[in-house]
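Listed below are the residues making up each chain.
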Amino acid sequence: MVAALTAQPAVAAARASEFRGKAVCPTPQAARRSNRRCKVQPTQAVAQVDQVQKITVSTNGAQEFGATDMARTVLGIILGGGAGSRLYPLTKKRAKPAVPLGANYRLIDIPVSNCINSGVNKIYCLTQFNSASLNRHLSAAYNSNVGGYNSRGFVEVLAASQTTTTKEWFQGTADAVRQYMWLFDEACRDGVEDFLILSGDHLYRMDYREFVAAHRAAGADITVAALPCAEEQAQAFGLMKIDDSGRIVEFAEKPKGDALKKMQVDTTILGLDAEAAKRQPYIASMGIYVCKASTLQDLLATKFSKQHDFGSDIIPGAKDLGYKVQAHLFKGYWEDIGTVRAFYESNLALTDSPNPNFSFYDKDAPIYTMSRFLPPSKVMGADVERSILGDGCIIEPDAKILHSVVGLRSIIREGCIIEDSLLMGADYYEQYEECEAFADCLPLGVGKGTHIKGAIVDKNARIGKFCKIINSEGIQESFKTEDDGWVIRDGVVVVIKDSNIPDGTVI
């Protein structure tokens, strides 16, 4: 079972850091009596935090710095994306970063947790669509637990809004940052030197301290997180060419054919061994950037005041103007989960044993989320194999759950078969008698004897008895049944949030 974690470890670190290097001395009267000077004494709690969190790093010859410096000099900016059309209907009633992930979490928990684990405690999330649930989640999960007495921290949503100078929605990623630059300027006056620009729909675990250290060591204006990849994956990304120092000299957006071949580089420059470099001769942009604050302010306000996108406009344009744009290699697992198929496969991959590509079970870099104070899940004579159960689930007798992710508060009734599926669970519990009071009420959860295969069931869905949701005809795309509460997207059946699927329905 996946355990939900709150941001408490970050609180401990932040609070402990309040006492780091502070003078510990008696009262003035006692000091005069003892005629001794105050001494700086590290506390035991600080030593433990340093040992567990390992907050000091040194990368590529960069000056050592740790969580305190990151908290003071780095501002996290998470781009929530647009309408999330590629993830529709999962984004029908919520912003893309608020889409549930891995039984207990939401997509936004990934970049926020990476920030907290890296010492970045000033974080904004920019979005303009359906931001209510995202705002509610972030406020409940993080705002009371980020920062400390001497280190103001926050995780806040910045939704698109009209002002006296700007009356348009966000026109792109760079335009979103431009419209709120007046707010980011305030952070710069408090000591922020670099903006860490992240995406809200990626699945990965990254230590941003190494990223920022490499950026500063290279004296770069902008550093782009780079992922080595093979030819079959390269066509889907923006690619880069670099010189011997790792400086980016050329960009190409999703090239094909001969244009793709021309983007091959010697990736040993970034630290790959010769064999890996032969398999992965391309460098793809991950859409993650560290930008010197003064540089980005100048680029967005004067040099590219009419351009709206980082990947296609600002970053290539900065390179052409002579700014130092550097690449930084990321060797870990990274997945863009911006489509329904990618989202579905990434969730099911969490169940791989014994070593999935991404795991929430990492004590050194936990993924935080809202504390919901739910009871443990209850399994009553059911078969569960290669699956993840969120908190507070009830699995009745004779149910079978195979290679699936079952979200929090899910109720799966007797005789159900759930295979190769993602169930997001529910936002609340419902007692049997509450539903029985209404003649046409379907109970919350999955009804008796229902078979679900290869599907995503969004939150609060009510699926009746003896239904078959298996896409037996192998349809790839169908939206004509959206009014009935379900669609097929990328070959995956998606039961829409809050939908009712009557008894005996066959999909």
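Conventions used here
- Residues numbered from 1 in each chain as written.
- Predicted model: local features only at pLDDT ≥ 70, side-chain atom pairs only at ≥ 80, totals over all residues.
- Heavy atoms only, no water.
- Helix = DSSP H or I, 4+ residues; strand = E, 2+ residues; numbered from the N terminus.
- Buried < 20%, exposed > 50% of the residue type's maximum accessible area, 1.4 Å probe, protein only.
- Contact = heavy atoms within 4.5 Å.
- Areas by Shrake-Rupley, 256 points an atom, 1.4 Å probe, with all protein chains shown as cover.
- Disulfide = S-S within 2.5 Å.
- Pairing = 2+ DSSP bridges.
- Core = buried A, V, L, I, M, F, W, Y, C linked by side-chain atoms within 4.5 Å.
- Phe/Tyr/Trp six-rings, centres within 6.5 Å; stacked < 30°, edge-to-face > 60°.
- Salt bridge = Lys/Arg side-chain N within 4 Å of Asp/Glu carboxyl O.
- Polar contact = N/O pair within 3.5 Å; in protein donor to acceptor, adjacent residues only side chain to side chain.
- Axes fitted to C-alpha atoms, helices over the stretch in contact; angles between N-to-C directions.
- Parallel < 35°, antiparallel > 145°, perpendicular 65-115°, else oblique.
- Left-handed = near helix turned anticlockwise from the far one by under 90°.
- Patch = residues over 30% accessible without salt bridge, like charges linked within 9 Å, V, L, I, M, F, W, Y side chains within 5 Å.
- Lys, Arg positive; Asp, Glu negative; His and termini not counted.
- Charge placed at Lys NZ, Arg CZ, Asp CG, Glu CD.

### Notes on the overall build of the protein
Turning to step 1, where the next piece is worked out: Helix and strand content of the protein: 16 helices and 34 strands.
Turning to step 2, where the next piece is worked out: Across the 507 residues in the protein, those meeting the buried criterion constitute 53%.
Turning to step 3, where the next piece is worked out: A separation of at least 24 residues holds for 65% of the contacts in the protein among residues at least 6 apart in sequence.
Turning to step 4, where the next piece is worked out: Only carbon and sulfur atoms are counted for the fraction: they give 49% of the accessible area of the protein, which is about 22900 Å².

### Section: the state of the cysteines
Turning to step 1, where the next piece is worked out: Summed over the entire model, instances satisfying the criterion amount to one disulfide.
Turning to step 2, where the next piece is worked out: Each sulfur of the disulfide joining cysteine 435 and cysteine 441 lies 2.0 Å from the other. One quick way to see it: the torsion about the S-S bond of cysteine 435 and cysteine 441 is about -115°, and its sign makes the bridge left-handed.
Turning to step 3, where the next piece is worked out: A relative accessible area of 4% means that cysteine 435 is categorised as buried.
Turning to step 4, where the next piece is worked out: You can call cysteine 441 partly exposed: its relative accessible area is 25%.
Turning to step 5, where the next piece is worked out: Free cysteine: cysteine 467, not disulfide-bonded; nearest cysteine sulfur from cysteine 416 at 9.2 Å.

### Details of unusual backbone geometry
Turning to step 1, where the next piece is worked out: Here tyrosine 88 and proline 89 are connected by a cis peptide whose omega angle stands at 15°.
Turning to step 2, where the next piece is worked out: Structurally, proline 89 can be placed in the loop between β3 (74-79) and β4 (100-101).
Turning to step 3, where the next piece is worked out: Positive phi, close to 65°, is recorded for aspartate 398, a residue that is not glycine.
Turning to step 4, where the next piece is worked out: The topology assignment puts aspartate 398 in the loop between β21 (394-395) and β22 (400-402).
Turning to step 5, where the next piece is worked out: On the basis of relative accessibility, which here comes to 56%, the residue aspartate 398 falls in the exposed class.
Turning to step 6, where the next piece is worked out: A positive phi is found at phenylalanine 466, a non-glycine position, where the angle reads about 55°.

### Comments concerning the sheet that holds strand β33 (residues 492-495)
Turning to step 1, where the next piece is worked out: Read across the sheet, six strands follow the order β20-β23-β26-β29-β33-β32 without closing on themselves; strand pairing throughout is mixed. What marks the edges here is a single partner per strand, and that holds for β20 (388-389) and β32 (486-489).

### Some thoughts on the sheet that holds β22
Turning to step 1, where the next piece is worked out: Spatially, the five strands line up as an open sheet ordered β19-β22-β25-β28-β31, and their pairing is parallel. Each edge of the sheet is formed by a strand with only one pairing partner; in this case those strands are β19 (383-385) and β31 (468-469).
Turning to step 2, where the next piece is worked out: Relative to strand β25 (residues 417-419), β22 is paired through three bridges, and the arrangement is parallel. For isoleucine 401, the partnering residue across the bridge sits in β25 and is isoleucine 418.

### With respect to the nonpolar core
Turning to step 1, where the next piece is worked out: Ranked by internal contacts, the top residues of the largest apolar core, which has 71 residues, are Phe343 and Ile456.
Turning to step 2, where the next piece is worked out: Listed in part, the 46 residues of the second largest apolar core include Leu158, Met181, Ile197 and Ile242.

### Describing the packing of aromatic side chains
Turning to step 1, where the next piece is worked out: With the rule as written, the count across this model stands at nine aromatic pairs.
Turning to step 2, where the next piece is worked out: For the ring pair tyrosine 105 and phenylalanine 360, a centre distance of 4.2 Å and an interplane angle of 0° mean the geometry is stacked. On the criterion of sequence distance, the pair formed by tyrosine 105 in strand β5 (residues 105-106) and phenylalanine 360 in the loop between α15 (340-349) and β18 (378-379) is long-range, its members being 255 residues apart. Of the two residues, tyrosine 105 and phenylalanine 360, both sit in the buried class.

### Topic: helix α9 (residues 208-217)
Turning to step 1, where the next piece is worked out: Of all ten residues in α9, seven are buried; the element is thus mostly enclosed.
Turning to step 2, where the next piece is worked out: Among the residues of α9, those classed as buried are Tyr208, Arg209, Phe211, Val212, Ala213, Ala214 and His215.
Turning to step 3, where the next piece is worked out: Count one or two residues on from α9 and you reach glycine 219, which has phi positive near 65°.

### Some words on the pattern of salt bridges
Turning to step 1, where the next piece is worked out: Summed over all chains, the structure comprises 21 salt bridges.
Turning to step 2, where the next piece is worked out: Among the ionic pairs, glutamate 275 bridges to arginine 279, the shortest N-O distance being 3.6 Å. With a gap of four residues between them, glutamate 275 and arginine 279 both fall in helix α12 (residues 274-279), about one helical turn apart.
Turning to step 3, where the next piece is worked out: Linked by salt bridges that have partners in common, Asp69, Arg72, Asp194 and Arg216 make up one network.

### Quick word on the side chain of aspartate 458
Turning to step 1, where the next piece is worked out: Among the secondary structure elements, aspartate 458 is positioned in the loop between β29 (455-457) and β30 (462-463).
Turning to step 2, where the next piece is worked out: Among the polar contacts made by the side chain of aspartate 458, one reaches the side chain of arginine 94 at a distance of 2.9 Å.
Turning to step 3, where the next piece is worked out: Every residue in contact with aspartate 458, bar those within four places of it in the chain, is listed here: Pro89, Leu90, Arg94, Met424, Gly425, Val495, Ile496 and Lys497.

### Here's the deal with the packing of helix α8 (residues 181-189) against helix α13 (residues 293-303)
Turning to step 1, where the next piece is worked out: Interaxial distance between α8 and α13 falls to 11 Å at its minimum, and their mutual angle equals 155°. In terms of orientation, α8 lies roughly antiparallel with respect to α13. Judged by the twist between their axes, the crossing of α8 over α13 is left-handed. Residue-level contacts link Met181, Asp185 and Cys188 of α8 to Ala293, Leu296, Gln297 and Leu300 of α13.

### Comments concerning a negative patch on the surface
Turning to step 1, where the next piece is worked out: Residues Asp383, Glu385, Asp398 and Glu414 make up a contiguous surface patch of negative charge.
Turning to step 2, where the next piece is worked out: By the element assignment, glutamate 414 lies in the loop between β24 (411-412) and β25.
Turning to step 3, where the next piece is worked out: For glutamate 414, a relative accessible area of 35% gives the class partly exposed.

### Thoughts on the pairing of β3
Turning to step 1, where the next piece is worked out: Taken across its six residues, β3 has six buried, putting it largely inside the fold.
Turning to step 2, where the next piece is worked out: Where burial is concerned, the two faces of β3 agree: the one with Val74, Gly76 and Ile78 and the one with Leu75, Ile77 and Leu79 are both buried.
Turning to step 3, where the next piece is worked out: The pairing of β3 with strand β10 (residues 194-199) spans six bridges and is parallel. Across the sheet, residue leucine 79 finds its bridge partner in β10, namely serine 199.
Turning to step 4, where the next piece is worked out: Direction of pairing for β3 relative to strand β6 (residues 122-127): parallel, over a ladder of four bridges. From the neighbouring strand, leucine 79 faces β6, where its bridge partner is leucine 126.

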